[in-house]
Amino acid sequence: MAKFLQITFHEYSRHVFRRRFIFALISLPAFMLFAGLISGLAVRSELSSLPVGYIDYSGLLQVPLPEPFVQYVNESDAEKALISRSIQGYYILESDFLQTSHARLVAAKPLGGATQSQFIGQVRQRLLQNLPAEVAQRLASGNQLYVRSADGVRQFGPNDWPGLFLPIGLFFVFMLAIFSTSGYLMQAVTEEKENRTMEIVLTSVTPSQLMGGKIIGSLAIGMTQLIVWVGVILAAVWVGIRIFGFSGSFRISPGLVGLSLATLLLSFVIIAAMMAAVGAVVTEATEGQQITGPFSLPFILPFLFITQILTNPNGSLAVWLSLIPFTAPVTLALRASLVPLPTWQVALSLTILACSAIFSLWLAGRLFRLGLLQYGKHLSLQQMLGRLWLLKGR
Amino acid sequence: MNCSNSAVEVSHIYKSFGDTRAVQDVSFSVNPGEIFGLLGPNGAGKTTTLRLILDIYRPDQGQVCVLGGAIDEHRKNHIGYLPEERGLYQDLSLERVLLYMAALKGVPKSQASQRLAEYLDFFELTQYKKKKVKEMSKGMQQKAQIIATLLHKPDLIIVDEPFSALDPVNTQMVKSLLVDLSRQGVAIIMSTHMMQQIEELCSRIVLINHGQVILYGELAEIRRQHKGHAVLVRTTNPLPDLSGVTSCTSHNAAFHIELDDVTTPQMVLNQLVLSGAEVEQFEIALPALEEIFLRVVKV
């Protein structure tokens, strides 16, 4: 056990404190920050900081509105101000506004959504100012339609849309972490096999300890990457809500988080074991990368059927995709964010994933031993499969 | 598993890879405190035999006892292995690699650090301990590999071509170290193509060819068994004419005299005495290990 932990820690520290890893770790958040900054600047350049004028013929806005709104007595003054670029536009509330609810906007180019919302909010406040506070508040908040599942566990409201996309976004980040980390693992196994480091290490530990330590070490590396990336994403979301006032709620049920974590961690073990196995049987890291390229395809397969899954989350396609180890993580997460999943499906899917993870580790061990016999020699798939079952001991 | 007190006991092991028989019915034992030579031409099955001893491979048949029993995690901690092709993490510092290797052998960190400082000093590598392995010369890497083999104070050391990439000074240093360790009771299996090193260091050998044992036993006895029909003679005055001689060649200030089938060494000695030659050296000519190697491998 101690040796297993030694290998795990060695694998972890060896990669995590490397310049290449640190660069990869910060490059994604840095890219996101850069992209956010660029789009923010682009939006900002489109937005005017000039005040907005208004002319009130209805008598509703007798008490002047606060900044950035400026009251004008007549349209010609407001027009002059617009031409001289003192204001970005002006609203006109006609005398029959209280009957028609129609207002006009005169502007050189459309006002920003936030400015318009602010004006409408102010007008709405004035309209409701004589009503009791509770009633006014209720009327101001308008209609909000929530769709709830029969058991009350799932709910989808007008502001819950980010809750659907956040798991998908997090899944992509997770997959990125898994594949980049597993890539390191495969490369390390190939190199150590070819430069004989592995042979020396195997005089101290068993192949199972070596492979287990490497896979768990890789898992820890992936987790580190994930924690940093997810932390940055959540921080960006928090900043978006708190500072920039983006609307939307991010209610995600703990059950969904737990299910996603369990499926993704088991998937990680499967992928890492497969990568390590490939690393053990190929002779060069580049050869391994060619083989492992298609590994990611089954994991993204559910996105090809996303319409069918979202429109019919309990349909037979969605159920089958939930039970296949490679497609289960995404399908389950997508379905669980929409409908309550039958317990038997979750249990069966997790059991299949767990069994697949154990089988992958066993297979990796077998292929690793097989790879040890094949220093510098290419191994065809036929040879690999043929010898895999014949392999006695080592 | 019945194991004797030998450091290593290999009994009738077989190993095949597909249709290729790498090792067939190989048996030998290595005693504590001896330097044992493992010889054979390229592809003879030496490395496979070493990997079978080290539990990297498992034999198809036969058994291997190491340090009194079947190899397990505890026994692995008492084995030091220097493979022919060097294997150290190239992108890590020398100190870190060696401490990791020691940790995998179960040596506590403080103890490993202390021993490492001593070995680095002995091999004059102290100033390179923070350098990455790949930044060191081949000779330095070889010394580092030897440290990795010895750092955990093993009871059994298996070395494959231990002197490659070493200059004569370092070769002598490593030889002395191996002799010292064997005197302390450490069993050493040395695989090399350098016959002189084997003759100098090993008292017993096994020679493998095509996966089978060709020669096994005391080196002196093997040389006696393979002696030709010749004598080695050194005299102070010129060598007299001798009958029954097929050839006479100069050999290290002496004469290597090949005899015909009917002449015995005793008859040659009698001729020398009768001729009044002042004999300084007279011995049955034993073949060098290299000669024996070439002779048996070619058969």
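Residues numbered from 1 in each chain as written. Chains lettered and ligands numbered in written order. Predicted model: local features only at pLDDT ≥ 70, side-chain atom pairs only at ≥ 80, totals over all residues. Heavy atoms only, no water.

Draft legend 1. Highlighting unusual backbone geometry. Going from Glu67 of chain A to Pro68 of chain A, the amide bond is cis rather than trans, its omega being 10°. Its identity as a non-glycine residue notwithstanding, Ser101 of chain A has a phi of 65°, on the positive side. Checked against the element boundaries, Ser101 of chain A lands in the loop between helix H4 (97-100) and strand E4 (103-107). A residue is classified by how much of its surface remains accessible, and Ser101 of chain A, at 53% relative accessible area, is exposed. In this structure, Lys153 of chain B takes a positive phi of about 50° despite not being glycine. If you trace the backbone, Lys153 of chain B turns up in the loop between helix H5 (138-150) and strand E6 (156-160). (Helix = DSSP H or I, 4+ residues; strand = E, 2+ residues; numbered from the N terminus. Buried < 20%, exposed > 50% of the residue type's maximum accessible area, 1.4 Å probe, protein only.)

Draft legend 2. Spotlight on the interface of chain A and chain B. Across the boundary between the two partners, chain A contributes 24 residues, which contact 27 residues of chain B. When the two sides are added together, the surface that chain A and chain B hide from each other amounts to roughly 2700 Å², 53% of it contributed by carbon and sulfur. Here chain A is connected to chain B by four salt bridges. Across the pair Asp91 of chain B and Arg14 of chain A runs a salt bridge, and its minimum N-O distance is 3.9 Å. Linking chain A to chain B there are 11 residue pairs in polar contact (both at pLDDT 80 or more). Those elements giving two or more residues to the side of chain A that touches chain B turn out to be helix H1 (2-16) and helix H8 (197-201) of chain A. (Contact = heavy atoms within 4.5 Å. Buried area = accessible area lost by both parts, 1.4 Å probe. Salt bridge = Lys/Arg side-chain N within 4 Å of Asp/Glu carboxyl O. Polar contact = N/O pair within 3.5 Å; in protein donor to acceptor, adjacent residues only side chain to side chain.)

Draft legend 3. Up close: the sheet that holds strand E12 (residues 254-259) of chain B. All names here are of chain B. Spatially, the four strands line up as an open sheet ordered E11-E12-E10-E13, and their pairing is antiparallel. Of all strands in the sheet, those with a lone pairing partner are strand E11 (245-251) and strand E13 (279-284), marking the two edges. Taken over all neighbouring pairs, the strand axes of this sheet differ in orientation by 20° on average, direction set aside. Two strands pair when backbone bridges link them, and strand E10 (residues 230-235) and E12 are joined in this way by four bridges, in the antiparallel orientation. Bridge assignment links Val233 to a residue of E12, and that residue is Phe255. (Pairing = 2+ DSSP bridges. Axes fitted to C-alpha atoms, helices over the stretch in contact; angles between N-to-C directions.)

Draft legend 4. Molecular detail of the pattern of salt bridges. The final tally for this structure, using the stated rule, is 18 salt bridges over all chains. Its salt-bridge partner being Lys3 of chain A, residue Glu73 of chain B comes within 4.0 Å of it at the nearest N-O pair. Taken together, the residues Glu73 of chain B in helix H2 (residues 73-76) and Lys3 of chain A in helix H1 connect one chain to another. The closest approach of N and O atoms between Glu280 of chain B and Arg234 of chain B, which form a salt bridge, is 3.6 Å. Taken as a pair, Glu280 of chain B in strand E13 and Arg234 of chain B in strand E10 lie far apart in primary sequence, 46 residues in all. Overall, Arg234 of chain B belongs to the partly exposed group, its relative accessible area being 29%. Among the charged side chains, a salt-bridge network with shared partners connects Glu11, Arg14, Arg18, Glu192 and Lys214 of chain A together with Asp91 of chain B.

Draft legend 5. Representation of the side chain of Ser360 of chain A. All names here are of chain A. Note on placement: Ser360 falls in helix H16 (residues 343-372). Judged by its relative accessible area of 9%, Ser360 is buried. Only 2.7 Å separates the side chain of Ser360 from the backbone oxygen of Ser356, close enough to count as a polar contact.

Draft legend 6. A look at the domain arrangement of chain B. Residues and elements named next belong to chain B. Per the domain assignment, the segments of chain B are domain 1 (8-223) and domain 2 (227-298). Computed over C-alpha atoms only, the centres of domain 1 and domain 2 are separated by 39 Å. Tallying the contact residues gives 14 residues for domain 1 and 10 residues for domain 2. Summed over both partners, the interface of domain 1 with domain 2 comes to about 1000 Å²; 76% of that surface belongs to carbon and sulfur atoms. (Domains from an automatic or database assignment.)

Draft legend 7. Structural detail: the environment of Val66 of chain B. Residues and elements named next belong to chain B. One can find Val66 in strand E4 (residues 61-66). Note: C-alpha distance between Val66 and Ser4 (62 residues apart in sequence) is 9.5 Å. Residues in contact with Val66, not counting those within four places in the same chain, are Ala7, Ile53, Arg75, Ile79 and Leu156.

Draft legend 8. How the structure looks around the pairing of strand E8 (residues 204-209) of chain B. Residues and elements named next belong to chain B. Most of E8 sits out of view: six of its six residues are buried. Of the two faces of E8, the one carrying Arg204, Val206 and Ile208 and the one carrying Ile205, Leu207 and Asn209 are both buried. With four bridges joining them, strand E3 (residues 35-39) and E8 adopt parallel strand pairing. Bridged to Phe36 within E8 is Arg204. Two strands pair when backbone bridges link them, and E8 and strand E9 (residues 212-218) are joined in this way by six bridges, in the antiparallel orientation. By the bridge assignment for E9, Leu207 is matched with Leu215. The loop that links E8 with its antiparallel partner E9 comprises two residues; one of these, His210, has a positive phi angle of about 50°.

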